[in-house]
Amino acid sequence: MYSYKVFSLSSSVFMNKKTKFQLLFFHHHNFTTSFSDAMLLTLAFSPHFPQTQCCNFVPGNGFQVERGLEFDTGGAFYRRESATGRDLGVLAASLQKKVNGSLRVLDALCGCGIRSARYLKEAEADFVAANDGNECYGKTIVDNLSRVCVKEEEKWVVTHLEANRVMTDYYVEKSFFDFIDIDSFGSDSSFLRSAINTLKYGGLLYVTSTDGFSSGGHRPHHSLAAYGAYVRPMPYSNEIGLRMLIGGVVREAALLGYHITPLFSYYAYHGPVFRVLLRLNRGKLHDSRHYGFIGHCHQCGNSHEFSWDQLGRMSCSCSVSKVSNSLKVSGPLWTGPLHDAAYLMDMLDLAKQWGWIGCDGKDSLEKLIKLMVDESDPRLPFGFINLDEMASRAKINTPPLKTLMSAMHEKGYAASRSHITSNAIKTNCSMTEFIKIAKELQQVSV
Ligand SMILES: C[S@@+](CC[C@H](N)C(=O)[O-])C[C@H]1O[C@@H](n2cnc3c(N)ncnc32)[C@H](O)[C@@H]1O
């Protein structure tokens, strides 16, 4: 027997098979709901709920079109804003097919099956396993996949198992995948071990977290349990969210005798959504320089990276923090590169070949990938300087971002915009020096 509790009316569905309760938050574009509807929907979305009662209620967003592909969302959770995350996944899966010559994809939490359909159609996957714990989405998923490729070709299969169960089944059968997409609600750390086991060597793992509370440092015991990282509030918490997620996979992979390399890391504010694409390789040894602790001094605004052997002597070089204990430390986290620039350029070239660039009139995908490439400059450390924080410390108006960037390049610093926050600069320059440059610019302009 399962019991259910409704906690709030915004956002999405979260299932926890251990505690056997489900949180339902409703915040879907096309409908609002009363408390009693929400209660009904909580029950309806559960994969454990009897089929007949479950399928009585199908809210649905109806038909949608993504990159020219028409599909029905049925009653499944679907976010149009997540299309960019799907674009990035499809580009990566297609590159994997080019390298391997074949492509087997597992879409472990597929919702209405839009990702599976796109992996089949655009990445030309040879086989896609589409799984969603909720049986009520079965017809929708089958219809969507049938529109792309007829069932008789045996290029896809639809299942309704708990995600860990489906991955374990494939692992036991020794039926491994080149690409596994885990698009979960909340933290997906409970899926990591089965996903790593079910991935081929050299395969790609595309994982998600929507846990903005943990990355914001608001529940360090939860981030410790989920990702092995004690996270405290930092000014660049959304980058910490990506690093926490990668660090969690580093730890899980090491336990199983593998290591991972991040190919790209993507943050989107709606959700929020943290998505990382990682390549899995044999060998336990990861570069220990890239897994450690981050400290931020609230007094001087500078950040520092600490390796394991520096833990006993953590301090900030600013004189105030030595006495006021203003250094906050989070970790261990991934402190290495968030992206592989060459890989991102291959993705961009492919997007151009496919005519994806320029077709939305905004070139938003091109802008995003180019920003990620800029962020990959190896001279840039973790984190970024938020211009509002700088202005409030310096008690000045913020000079235009472009002017600041040029001034920093002229002075020989590495500087790039951040895809995570539009009003920020990633740089190897200290906050003190940054403020000095900003003040000089302000004097020139008056
Ligand atoms: C974020 S939605 C997936 C959205 C979809 N991938 C897309 O791009 O539109 C998460 C899905 O996971 C399913 N789900 C949640 N917990 C699950 C679990 N433990 N095992 C299998 N499916 C699960 C839900 O039914 C829901 O459809």
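The structure this text deals with has already been given above.
Residues numbered from 1 in each chain as written. Predicted model: local features only at pLDDT ≥ 70, side-chain atom pairs only at ≥ 80, totals over all residues. Heavy atoms only, no water.

Section: the overall build of the chain
Counting its secondary structure elements, the chain contains 16 helices and 17 strands. Taken across its 446 residues, the chain has 54% of its residues classed as buried. Contacts in the chain between residues far apart in sequence, at least 24 positions, make up 66% of those at least 6 positions apart. In the form shown here, the chain has an accessible surface area of approximately 19,900 Å², with 53% of it arising from carbon and sulfur atoms. (Helix = DSSP H or I, 4+ residues; strand = E, 2+ residues; numbered from the N terminus. Buried < 20%, exposed > 50% of the residue type's maximum accessible area, 1.4 Å probe, protein only. Contact = heavy atoms within 4.5 Å. Areas by Shrake-Rupley, 256 points an atom, 1.4 Å probe, with all protein chains shown as cover.)

A look at the packing of helix α4 (residues 114-121) against helix α5 (residues 138-148)
The geometry of a pair of packed helices is captured by two quantities: the angle between their axes and the separation between those axes. Where α4 meets α5, the axes come as close as 9 Å, and the angle between the chain directions of the two elements is 15 degrees. Considering the angle they form, α4 stands roughly parallel to α5. When you trace α4 past α5, the crossing you get is right-handed. Residues S116, A117, L120 and K121 of α4 form the contact with α5, whose participating residues are N144, L145 and V148. Looking at side-chain class alone, the contact of α4 with α5 contains 4 nonpolar, 2 polar and 1 charged residues. (Axes fitted to C-alpha atoms, helices over the stretch in contact; angles between N-to-C directions. Parallel < 35°, antiparallel > 145°, perpendicular 65-115°, else oblique. Left-handed = near helix turned anticlockwise from the far one by under 90°. Nonpolar A, V, L, I, M, F, W, Y, C, P; charged D, E, K, R; others polar.)

Notes on unusual backbone geometry
Of note, the bond from G271 into P272 is cis; its omega dihedral lies within 30 degrees of zero at -5 degrees. Positionally, P272 belongs in the loop between β10 (258-268) and β11 (273-282). Cis geometry marks the peptide bond from G331 to P332; its omega dihedral reads -5 degrees. Here P332 is to be found in strand β14 (residues 327-334).

Details of the site of the ligand
R86, R115, D132, E162 and D183 are the nearest of the 19 residues found near the ligand. Between the ligand and R115 there is a distance of 2.8 Å, counted from an oxygen atom to a side-chain nitrogen or oxygen. D183 places a polar side-chain atom, nitrogen or oxygen, 2.8 Å from a nitrogen atom of the ligand. Within the complex, 94% of the 600 Å² of free accessible area of the ligand lies under protein. When grouped by side-chain class, the residues that make up the shell around the ligand number 11 nonpolar, 3 polar and 5 charged. (Near = heavy atom within 4 Å. Polar contact = N/O pair within 3.5 Å; in protein donor to acceptor, adjacent residues only side chain to side chain.)

Observations concerning the environment of N238
Relative to the helices and strands, N238 is located in helix α10 (residues 237-256). When the C-alpha atoms of N238 and S214 are compared, they prove to be 10.0 Å apart, with 24 residues separating the residues in sequence. Apart from residues lying up to four places away in sequence, N238 is in contact with Y267, F274 and I420.

What about helix α3 (residues 83-100)?
Its 18 residues give α3 an end-to-end C-alpha distance of 25 Å, which sits within 8% of 26 Å, the value for a rise of 1.5 Å per residue. Phi for G101, located one or two positions after α3, is positive at around 90 degrees. (Expected span 1.5 Å × (residues − 1).)

Brief notes about the pairing of strand β7 (residues 156-159)
Covered by surrounding structure in β7 are W156 and V158 only, the residues V157 and T159 on the alternate face being uncovered. Direction of pairing for strand β6 (residues 127-131) relative to β7: parallel, over a ladder of 4 bridges. What sits directly across from N131, in β7, is T159. Between the parallel elements β6 and β7, the chain passes through α5 in a crossover that is right-handed. (Pairing = 2+ DSSP bridges. Right-handed = clockwise from strand over helix to strand, strands pointing away.)

Observations concerning the pattern of salt bridges
The final tally for this structure, using the stated rule, is 22 salt bridges. Between D181 and R115 there is a salt bridge, and its shortest N-O distance comes to 3.2 Å. Of this pair, D181 sits in strand β8 (residues 177-182) while R115 sits in helix α4, and the two are 66 residues apart along the sequence. Just as D181 is buried, R115 falls in that class too. The salt bridge involving D143 is made with K139; its shortest N-O contact spans 2.6 Å. A residue pair is termed a helical-turn pair when its members lie 3 or 4 positions apart in one helix, as D143 and K139 do in helix α5 at 4 residues. A relative accessible area of 28% places D143 in the partly exposed class. Taken together, the shared-partner salt bridges connect E66, R67, R86, D87, R118 and E122 into one network. (Salt bridge = Lys/Arg side-chain N within 4 Å of Asp/Glu carboxyl O.)

Quick word on the nonpolar core
L88, F179, F264 and L277 are the most contacted members of the largest nonpolar core, which totals 51 residues. Counting the residues that make up this core, at least three belong to each of domain 2 (63-297) and domain 3 (339-445). Those residues in contact with F179 that lie beyond four places of it in its chain are G89, A92, A93, L103, R104, V105, L106, Y119, L199, L204, Y206 and L277. Ranked by size, the runner-up nonpolar core spans 48 residues in total, among them M167, I180, I196 and A229. (Core = buried A, V, L, I, M, F, W, Y, C linked by side-chain atoms within 4.5 Å. Domains from an automatic or database assignment.)

Looking at the sheet that holds β8
Strand order in the open sheet made by the 7 strands is β7-β6-β5-β8-β9-β11-β10, with mixed pairing throughout. Only two strands of the sheet have a single partner each, and these edge strands are β7 and β10. Here the strands of the sheet are splayed against their neighbours by 15 degrees on average, with no regard to which way each runs. When strand β5 (residues 104-107) meets β8, the two strands line up parallel, connected through 3 bridges.

Things to note about the packing of aromatic side chains
Summed over the entire model, instances satisfying the criterion amount to 12 aromatic pairs. Considering the side-chain rings of Y170 and F177, the 4.9 Å spacing of their centres and the 90 degrees angle between planes classify their relative orientation as edge-to-face. You can call F177 buried: its relative accessible area is 0%. Measuring from ring centre to ring centre gives 6.0 Å for Y236 and F384, while their planes differ by 70 degrees; the resulting arrangement is edge-to-face. With Y236 in the loop between α9 (220-227) and α10 and F384 in the loop between α13 (364-375) and β15 (385-386), the pair connects residues that are 148 residues apart, well separated along the chain. Assessed through its relative accessible area of 8%, F384 is described here as buried. An aromatic cluster is built from Y119, F179, Y206 and F264, whose rings are joined through pairwise contacts. (Phe/Tyr/Trp six-rings, centres within 6.5 Å; stacked < 30°, edge-to-face > 60°.)

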